[in-house]
Amino acid sequence: MLHILALIAGAAGAQSADWVIYNARIYTMSAAQPTASALTIKGSRIAAIGDACTACDVRIDARGATIVPGFIDAHGHIANLGESLESLDLRHASSAADVARAVSAAAAKQPRGEWIRGRGWDQTRWPGAQFPTAEDLNSAAPHHPVFLTRVDGHAAWVNSNALEIADVNAATKDPNGGRILRDAKGRPTGVLVDRAAALVSRKIPPPTDEQIARRIERAARHCAALGLTSVHDAGVTAQHIAAFRQLIAEDKLPLRVYAMIGGAGGLWREFLARGPETGEFLTIRSIKLMADGALGSRGAAMKEPYSDEPANRGLLILTRAEIERVARQAVERGFQVNTHAIGDRANREVLNAYAAALAGANGRRFRIEHAQIVSLDDIALFHKYSIVASMQATHATSDMRWAGERVGPDRILGAYAWQRMRRAGVVLANGSDFPVEDANPLWGFHASITRQDHSGAPAGGWMPEQRLTREQALKSFTLDAALAAFEEKEKGSLEKGKLADFVVLSDDIMEIAPARILKTRAMMTVLGGRIVHRVSP
């Protein structure tokens, strides 16, 4: 570690000067030159790879440190991450009682009537694995409405106060694409799945422009500290875009953003009229659609009933016709369509909708986000229609404890099927879906190559034949993620002429034992030749 700190201490002059970093172990992700020992930066670009510049203003001896291209998260939610950093983090709660204690502590610090927000609860980790109820929260916050988002973002847990404010009761009907969990008498229990959550969330005062900008800036700094240089933001609003532009103008965004317009509303119509927008720090040329819910809350749309809930097949949020209409608009106007689909029925509906608009192999690079449960016969359709599988490795290691119970032994064969996708010729772009999962790309890299949790379980990995090699995993977080955004000529590998986006790591993730990867840190993150994060020596 000492030599890494010495490297960082010597990097202070590299902020604005032409510079070279040499005596490094560089994994370039370039087929022509897979490894190198030196990298020369001129302005925001890579001037040379492999030769140590002797005339540069600043020369930095890396002393053997490992350098990789900047990590690209192909599916995250930047504003949501910023919000989660400001609200209750419930990911480590081991019971409903744990959550109630956290809510009670928050209620003691907030004025009566203010909303208490939190994210990350996961009933599958609790004794009995049953959904919680409003009663679990009522005594913890009797004078505050409470709205807690499930770890997957597809269900909300609220208290009775919140239900009363929203006038959600036994007479309230389930909205299209949503489900109100109810007791034997038909009364809401306090858990609202997918679009049903909006019945309550729309009563929460919206964040101000200042709050959105602050959250995005905080989240971007957090991402940079983890070695991320680009994020594909899966579902932005006009308010988010305004905040991105403001932060870019103020030089406060240490991250490149590939933004997906959130749904086919007014913002989508506005961009259809004006066309795609591309930029060095912000690009808007895609739309994010939602075909179904999530597996953990049994909202993912399945062809057959859930194995552990025979009366339920999940929720289709959009019809095939609705997705096809947007897909045809996108083809006509030069946009990409990226659709959330988790269940096998949702994946097939999206594939069919895309097929109608694309007709065959093409260069549109439409994507299916998550592609978690796919019928084995449907995998070939991804390749047939040139569809990118945007998948998140840590979803597999989070869900592996119960996924088999949800879908049974036959359907699980098409679950989180990374190598099946690759063997079918499908581009695999990796990410985290933060804040659903942790934003740390090294955790995603570890999950990709082991299919194990942080304790090393299960031995040998879950469905180990689907593990990625280290080279495949790194490519999925760099060059293939760039390709999924039409940016592979600008980033994703360290080659002459490309953007100087790279990360100096505390360990060689291509060689060390898998368990050590979890402790590896981004010691320095460079974006366009500028150091945007470094660990203080």
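Reference entry: report on the structure contained in this document. Bear in mind that the values here come from a model prediction, so they are computed numbers and not experimental data. (Residues numbered from 1 in each chain as written. Predicted model: local features only at pLDDT ≥ 70, side-chain atom pairs only at ≥ 80, totals over all residues. Heavy atoms only, no water.)

**Describing the sheet that holds strand β11 (residues 146-150)**
Overall, mixed pairing links the six strands, which are arranged β9-β10-β11-β12-β14-β13 in an open sheet. Across the chains shown, the open sheet's two edge strands, defined by having one partner strand only, are β9 (88-89) and β13 (178-182). Bridge count between β11 and strand β12 (residues 155-158): three bridges; the pairing is antiparallel. The partner of F147 across the bridge, within β12, is V158. (Pairing = 2+ DSSP bridges. Helix = DSSP H or I, 4+ residues; strand = E, 2+ residues; numbered from the N terminus.)

**Observations regarding the environment of F281**
The topology assignment puts F281 in the loop between α9 (266-274) and β17 (282-290). Classification of F281 by relative accessible area gives partly exposed; the value is 25%. Sequence separation between F281 and Y258 is 23 residues; the distance between their C-alpha atoms is 8.1 Å. (Buried < 20%, exposed > 50% of the residue type's maximum accessible area, 1.4 Å probe, protein only.)

**A closer look at the pattern of salt bridges**
In this structure the tally under the stated criterion is 38 salt bridges. The closest approach of N and O atoms between D308 and R406, which form a salt bridge, is 2.7 Å. Residue D308 is found in the loop between β17 and α10 (320-333), and its partner R406 is found in helix α14 (residues 403-411); the two are separated by 98 residues along the sequence. Among the residues examined, D308 registers a relative accessible area of 28% and is labelled partly exposed. Among the charged side chains, a network of salt bridges with common partners joins D122, R125, R150, D152 and R401. (Salt bridge = Lys/Arg side-chain N within 4 Å of Asp/Glu carboxyl O.)

**Description of unusual backbone geometry**
In this structure, P435 follows F434 across a cis peptide bond, with omega equal to 5 degrees. Within the secondary structure layout, P435 lies in the loop between β21 (428-431) and α16 (441-450). Phi at S386 is positive, roughly 55 degrees, even though this residue is not glycine. With respect to the helices and strands, S386 occurs in the loop between α12 (379-384) and β20 (388-392).

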